Amino acid sequence: MELRHLRYFLVVAEEQHFTRAAERLGMQQPPLSHQIRLLEQELGFELFRRHPKGADLTAGGKVFLEEAKTILRSVDVASQKAARAAQGFAGTISIGFTSSAAAHPLIPGIIRAYREAYPGVHMALTEANAAELTEDVMHGKVDMGFLRQPVAQPQGIAFHELLEEEMLLILPMGHPLLASSPGRGKRAAAAAAGDDMPLVSLKALAEEEFILVRRHGAPGMYSNLIAACENAGFTPKIALEIDRMLTNISLVAAGVGISVVPASMKSFHRESVVYCRVKDARPSLLAPINLVCRAGPAEPTQQNFLQLARSFAGRTKA
């Protein structure tokens, strides 16, 4: 028995006439009658009582009709569900992120856009540092993740850079370096509002103590800062290393030291710290946002997420 036999039977039952049913199915009447006979032989009883004016369902045919309708409806539903899954409109996806990446408006924008475009996909979200996130993607614990600088590039893992932003120096309010900045009062107040930030030379930081994210957590940005300081003629003094980039802003506000963070984080603790631009840094202090995933063929949900993330980031940069 094939599904086509059930569909043939259903049309004949609806038309109560083999010739009209054949016309509706786009086939000749003799082959249709033959297929129904084969179905009846397989079932072991007649489905129709044939007469000159058409065909009526037998008692067995009436029961089989309801079951056939149920089977065909189930097949249609299964086909629709499978098609949605094959196109990435249904299923699950797990997304990880670092706290510093999530602070950029790009990340919540992408997640919200994906949820609106694919409401049938269940999304699981988790936070980790860059090293943990890369490991989780590599071992299949997380499908994709947003991070800043890659901490390692294991085989089979791909990084897609979505954008790049400036790194800013954070000084506690009232820091002596702000006194030497032109237009001290107005500029510091403007900096707290996120406008017209003071410009500080990297060389002026030689005697400062830095608060940085641990090397294993974000070696890319960490290493770039170390290299820039050494090119400026000094090795930075490290007061403290922490696990999450958001924490160092609070510690700067507490007067523990100074730090650098991506520009998108400049809204945090603006009443206690001043964000400054850094000049004369070689290499330039930049903070990318990358989407990490497994290389090679991916599930439709993941393909759609990557495509949407790239498109959204392109519009953001434009």
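Before reading further, recall that the structure is shown in the block above.
Owing to the predicted nature of the structure, the values given are computational and were not obtained by experimental measurement. (Residues numbered from 1 in each chain as written. Predicted model: local features only at pLDDT ≥ 70, side-chain atom pairs only at ≥ 80, totals over all residues. Heavy atoms only, no water.)

Turning our eyes to something else, we now look at the packing of helix α1 (residues 3-15) against helix α4 (residues 59-86). Where α1 meets α4, the closest approach of the two axes is 10 Å, and the angle between their N-to-C directions is 125°. Judged by the inter-axis angle, α1 sits oblique to α4. Relative to α4, the crossing made by α1 is left-handed. Contacts between α1 and α4 pair Leu3, Leu6, Arg7, Phe9, Leu10 and Ala13 from the former with Gly61, Phe64, Leu65, Ala68, Lys69, Ile71, Leu72, Val75 and Asp76 from the latter. Looking at the contact of α1 with α4, its residues break down into 11 nonpolar, 1 polar and 3 charged. (Axes fitted to C-alpha atoms, helices over the stretch in contact; angles between N-to-C directions. Helix = DSSP H or I, 4+ residues; strand = E, 2+ residues; numbered from the N terminus. Parallel < 35°, antiparallel > 145°, perpendicular 65-115°, else oblique. Left-handed = near helix turned anticlockwise from the far one by under 90°. Contact = heavy atoms within 4.5 Å. Nonpolar A, V, L, I, M, F, W, Y, C, P; charged D, E, K, R; others polar.)

This paragraph deals with empty space enclosed by the protein. Summed over the entire model, instances satisfying the criterion amount to 2 cavities of 30 Å³ or more. When its volume is computed, the second largest cavity comes out at roughly 100 Å³. Taken together, 12 residues form the lining of the second largest cavity, with Leu212, Val213, Met221, Tyr222 and Met245 sitting closest to its centre. Sorting the residues of the lining of the second largest cavity by element identifies β8 (209-213), α10 (219-231), α11 (245-253) and β10 (259-262) as the ones contributing at least two each. Split into classes, the residues belonging to the lining of the second largest cavity amount to 10 nonpolar, 2 polar and no charged. (1 Å grid on protein atoms, 1.4 Å probe; cavity = no way out; pocket = protein on both sides within 12 Å on 5 of 7 lines; lining within 4 Å. Points joined across faces, edges and corners; volume = space filled by probe spheres on them.)

Of note, Thr58 is situated in the loop between β2 (54-57) and α4. Residue class for Thr58 comes out buried when judged on its relative accessible area of 11%. Engagement of the side chain of Thr58 in a polar contact is seen with the backbone oxygen of Glu46, the distance being 2.7 Å. Apart from residues no more than four positions distant in its own chain, Thr58 is found in contact with Glu46, Leu47, Phe48 and Arg49. (Buried < 20%, exposed > 50% of the residue type's maximum accessible area, 1.4 Å probe, protein only. Polar contact = N/O pair within 3.5 Å; in protein donor to acceptor, adjacent residues only side chain to side chain.)

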